[in-house]
Amino acid sequence: MGLVFGLLLKVIQFYSYALIIYILMSWFPGARESSIGQILGKVCEPYLEVFRKFIPPLGMFDFSPIVAILTLQFATYGLVQVFYWIG
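Residues numbered from 1 in each chain as written. Predicted model: local features only at pLDDT ≥ 70, side-chain atom pairs only at ≥ 80, totals over all residues. Heavy atoms only, no water.

### Topic: the pattern of salt bridges
Then step 1. Summed over the entire model, instances satisfying the criterion amount to 3 salt bridges.
Then step 2. In this structure, E45 engages R52 in a salt bridge whose closest nitrogen and oxygen atoms are separated by 2.6 Å.
Then step 3. By relative accessible area, E45 is classed as buried at 18%.
Then step 4. Taking relative accessible area as the criterion, R52 reaches 24% and is therefore assigned partly exposed.
Then step 5. Note that E49 and R52 form a salt bridge whose closest N and O atoms lie 3.4 Å from each other. You can see E49 and its partner R52 sitting in helix α2 (residues 35–54), 3 residues apart, about one turn around the helix.
Then step 6. In this structure, a network of salt bridges that share partners links the residues E45, E49, R52 and D62. (Salt bridge = Lys/Arg side-chain N within 4 Å of Asp/Glu carboxyl O. Buried < 20%, exposed > 50% of the residue type's maximum accessible area, 1.4 Å probe, protein only. Helix = DSSP H or I, 4+ residues; strand = E, 2+ residues; numbered from the N terminus.)

Without other data, these values stay purely geometric and don't point to any function.
Shown next, in the form of structure tokens:
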């Protein structure tokens, strides 16, 4: 059980880093059109679209990635609590 738990936490952490990199790429012109940007877009956009449906951009600021990352952090916290409750 500990191996699955550890692996799941690492996947969530890796995905959080991928989201942060993808978000930072929006600050650089043409970065999302690069091969790495396209790969990250295929991985990150489906998750971000869920939050963009509920949180529209305010002017030129899009707060949905912040909520998406916070949701991943809450999921990590919930997994840790479940693991300690079970074990």
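Right, picking up where we left off after that structure.
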